[in-house]
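Structural characterization, general
The residues making up each chain are set out below.
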Amino acid sequence: MNIVANWSYPTAVKLGRGRIKELADACKTLGLSRPLLVTDRGLASMAITGHALDVLEEAGLGRAIFADVDPNPNENNLEAGIKAYNDGGHDGVVAFGGGSGLDLGKLIAFMAGQTRPVWDFEDIGDWWTRADASKIAPIVAVPTTAGTGSEVGRAGVLTNSATHVKKIIFHPKLLPGVVICDPELTMGMPKAITVGTGMDAFAHCLEAYSSPFYHPMSGGIALEGMRLVKEFLPRAYRDGADLEARTNMMSAAAMGAVAFQKGLGAIHSLSHPIGAVYNTHHGMTNAVVMPPVLRFNRPAIEEKIARAAAYLGIAGGFDGFYDYVLSLRSELGVPENLTAMGIKPDRIDELTAMAMEDPSCGGNPVTMTMENTKALFLACF
Ligand SMILES: NC(=O)c1ccc[n+]([C@@H]2O[C@H](COP(=O)([O-])OP(=O)(O)OC[C@H]3O[C@@H](n4cnc5c(N)ncnc54)[C@H](O)[C@@H]3O)[C@@H](O)[C@H]2O)c1
Ligand SMILES: [Fe+2]
């Protein structure tokens, strides 16, 4: 089934196969004449990236690319990107890629005209008001994975390369002005990336749904996002060219990011330090820690999860949902635990301290303490 849609919520989204051909129009809509395409090193040499650059060049917008971007990008990548942006006299960014390319592209557009260091814009209180909003460049976002939802998000994740801590940088204008969700771009993802990113979308929906904050709009979106993952992630995994599955996974990813305005929780507060210290894939790490976190949160979410299970067509309430998560993971080849991911439990105290500092920690339905978080980490091995 070929799904085509134009949405204006939470920003302008153009969804459908082949819509990458509208990239130049998207840039022009935002007034760009010299965009810088930002992506990661791996994507830089792929045909989908070359094609996107062709579309820009044919429309007279040049074919400038910056690809010095690590997975879990850091401030050095950002600094180099800002230099490329300013040296090239660019007037906006095409953020192209998975969460890494998208986040770094968005942050270049945000930071190129600022004078304060990026860490001054961490997602704390109203720190974002410190930014000079008039200097933020327009952003077109083109996701090539279906997971982070960064294309419809108002934040970028940046790892501090000295401390290995992941920080969330927030500004409302980090929300891209136009998003092109072309499922064809995601068809070449390796299976492990399909799984990791898809499970990130599921984790966003699950944690947003479970978080105690009052935000029923996000709760509803999270529930339907989980349903889309349940129906379509195994299909996308089995057959990467399944267009309907790939399209619906792009929707689920965007829904996860819209939903997590309601909050995230322990899955993300554990996975952020693990990713920052061991450079593991973010979404796959979420999938690995998901069952222990569900057990940890059970006293606070049992009834809520039973409601979700009923909606998802899963019998047996919380237990049925838990078993479903286990079977989904094994169907998708997710490592059993952190040990199977190649991680040793020798830095637990450090990881625990980092998890307690993580902003997602406050959205967990069960209050996290040093003691119970350390025990939770141990349960993940
Ligand atoms: N901004 C947010 O709200 C938000 C939310 C969640 C995660 N994140 C961040 O996003 C990052 C993870 O993003 P991700 O999971 O999308 O992975 P990623 O962007 O790091 O990409 C993973 C790998 O997949 C490759 N890849 C991407 N698209 C491909 C394609 N279509 N075909 C073949 N290979 C492809 C990349 O080259 C890379 O090697 C982390 O840094 C995480 O912290 C941000
Ligand atoms: Fe995530």
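Going by the structure above, here's the rest.
Numbering of residues starts from 1 in each chain and follows the order in which that chain's sequence is written. Written order decides the labels, with chains lettered from A and ligands numbered from 1. Totals for whole chains, interfaces and linings use all residues, but because this is a predicted model, local features are given only for residues with pLDDT of at least 70 and pairs of side-chain atoms are given and counted only at 80 or more. Values reported for side chains reflect all heavy atoms of the structure, with hydrogen atoms and water molecules removed beforehand.

Paired through backbone hydrogen bonds, the strands of a sheet run either parallel or antiparallel to each other. Strand pairing requires that DSSP identify at least two bridges connecting the strands. Working definition: helices are DSSP H or I runs of at least four residues, strands are E runs of at least two. Numbering for both runs from the N terminus. Ordered by their spatial adjacency, seven strands build an open sheet running S1-S2-S9-S6-S5-S3-S4, and the pairing between neighbours is mixed. Edge positions in the sheet fall to strand S1 (5–7) and strand S4 (64–66), since each of these pairs with one other strand and no more. Strand-to-strand, the axes of this sheet are offset by a mean angle of 20°, without reference to chain direction. Note that strand S3 (residues 35–38) and S4 share three bridges and pair parallel. Within S4, the residue paired with Leu37 across the bridge is Ile65. Across the face of the sheet, helix H3 (residues 47–58) comes into contact with S3, S4 and strand S5 (92–97) while running at roughly 175° to S3. We call two residues in contact when some of their heavy atoms are within 4.5 Å. Note on geometry: axes are C-alpha line fits, over the in-contact stretch for helices, and angles between N-to-C directions span 0 to 180 degrees. Its contacts with the sheet put helix H4 (residues 75–87) on S3, S4 and S5, and the angle it makes with S4 is roughly 165°.

Moving on: the coordination of the iron ion (ligand 2). Coordination here is defined by N, O and S atoms within 2.8 Å of the metal (3.2 Å for Na, K and Ca), and since water is not considered, a site can look incomplete. Within the protein, Asp200 (OD), His204 (NE2), His268 (NE2) and His282 (NE2) serve as the donor atoms for the iron ion (ligand 2), at 2.1 to 2.2 Å. Classification of the site at the iron ion (ligand 2) as irregular follows from its four donor atoms and the range of 86 to 170° in their angles at the metal. For a four-donor site, all angles between 85 and 135 degrees give tetrahedral; for four or six donors, opposite pairs above 155 degrees with the remaining angles between 65 and 115 give square planar or octahedral; all remaining cases count as irregular.

Attention now goes to the site of ligand 1. Proximity is defined per residue: any heavy atom of the residue falling within 4 Å of a molecule or strand makes that residue near it. By nearness alone, 29 residues border ligand 1, and Asp40, Gly99, Ser100, Lys166 and His281 come closest of all. Identification of polar contacts relies on pairs of N or O atoms within 3.5 Å, with a donor-acceptor requirement for protein atoms, meaning one able to donate a hydrogen and the other able to accept it, and with residues adjacent in sequence counted only if both atoms are side-chain atoms. Contact between ligand 1 and Asp40: an oxygen atom at 2.8 Å from a side-chain N or O atom of the residue. In the complex, 91% of the free accessible area of ligand 1, which totals 870 Å², lies under the protein chains. Of all the secondary-structure elements, those providing two or more residues to the shell around ligand 1 are helix H2 (41–44), helix H5 (99–111), strand S7 (155–160) and helix H6 (191–210). Note on areas: Shrake-Rupley, 1.4 Å probe, and residue coverage restricted to the protein chains presented here.

Here the focus is H5. Expected span of a helix, by definition, is 1.5 Å for each gap between consecutive residues, and there is one gap fewer than residues. Here H5 spans 18 Å end to end across 13 residues, near enough to the 18 Å set by a 1.5 Å rise per residue. Working definition: with a 1.4 Å probe on protein chains only, accessible area under 20% of the residue-type maximum means buried, over 50% means exposed, and in between means partly exposed. Taking burial as the measure, the 13 residues of H5 include 13 buried ones, the bulk of the element.

A separate point is the nonpolar core. One broad rule of soluble globular proteins: the nonpolar side chains tend to lie buried together. The definition of a nonpolar core used throughout is a set of buried Ala, Val, Leu, Ile, Met, Phe, Trp, Tyr and Cys residues joined through side-chain atoms within 4.5 Å. Core analysis: the biggest nonpolar cluster contains 103 residues, and Phe202, Met226 and Phe321 have the highest contact counts within it. Among the elements that line this core, the one with the most residues is helix H10 (residues 282–312), at 13 residues. When residues no more than four places from it in sequence are discounted, the contact partners of Phe202 are Met226, Val229, Met290, Phe321, Tyr324 and Val325. Grouped together as the second largest cluster of nonpolar side chains are 19 residues, Leu32, Leu37, Ala52 and Ile180 included.

This paragraph deals with the pairing of strand S2 (residues 12–15). Within a regular strand, side chains alternate between the sheet's two faces. Along S2, the buried face is formed by Val13 and Leu15; none of Ala12 and Lys14, which line the opposite face, is buried. Of the pairings in the sheet, the one linking S1 to S2 comprises three bridges and is antiparallel in character. When the bridges of S2 are listed, Trp7 appears paired with Val13. Hairpin connection of S1 to S2: four residues between the antiparallel strands.

Take Thr49: it is sitting in helix H3. Take Thr49: its relative accessible area is 0%, and that puts it in the buried class. A distance of 2.6 Å separates a polar atom in the side chain of Thr49 from the backbone oxygen of Leu43. With near-sequence residues (within four places) excluded, Thr49 lies in contact with Leu37, Thr39, Leu43, Ala44, Ile65 and Phe96.

Only rings of Phe, Tyr and Trp enter the pairing, Trp through its six-membered ring, and a pair is recorded when the two centres are within 6.5 Å. The plane angle decides the type: under 30 degrees is stacked, over 60 is edge-to-face, the rest tilted. Applying the stated criterion across every chain, the model contains five aromatic pairs. Considering the side-chain rings of Phe110 and Phe121, the 5.1 Å spacing of their centres and the 70° angle between planes classify their relative orientation as edge-to-face. Taken as a pair, Phe110 in helix H5 and Phe121 in the loop between H5 and strand S6 (139–143) lie far apart in primary sequence, eleven residues in all. Side by side, Phe110 and Phe121 carry an identical accessibility label, which is buried. Among the aromatic residues, those joined into a cluster by ring pairs are Phe202, Phe321 and Tyr324. As a reminder, the over-ring test applies to NZ of lysine and CZ of arginine, requiring each to be within 6 Å of the ring centre and within 35 degrees of the ring normal. The ring of Trp127 has Arg130 sitting right over it, with the charged end atom 4.2 Å from the ring centre. In this structure, Lys230 packs its charged tip against the face of Tyr324, placed 5.8 Å from the ring centre.

Before going further, it helps to examine the packing of H6 against helix H7 (residues 216–238). H7 packs onto H6 with a crossing angle of 160° between their chain directions and a minimal axis gap of 8 Å. Judged on the interaxial angle alone, H7 and H6 are roughly antiparallel. The handedness of the crossing between H6 and H7 comes out as left-handed. On H7, the residues that touch Lys191, Thr194, Val195, Gly198, Met199, Ala201, Phe202, Cys205, Leu206, Ala208 and Tyr209 of H6 are Gly219, Ala222, Leu223, Gly225, Met226, Val229, Leu233, Ala236, Tyr237 and Arg238. When its residues are assigned to classes, the contact of H6 with H7 shows 15 nonpolar, four polar and two charged. Note that the term roughly parallel is reserved for angles under 35 degrees, roughly antiparallel for angles over 145, roughly perpendicular for angles of 65 to 115, and oblique for everything else. Helix crossings fall into two classes, left-handed where the near helix is turned counterclockwise from the far one by less than a right angle and right-handed where it is turned clockwise. Any residue that is not Ala, Val, Leu, Ile, Met, Phe, Trp, Tyr, Cys, Pro, Asp, Glu, Lys or Arg is counted as polar, Gly included; the first ten are nonpolar and the last four charged.

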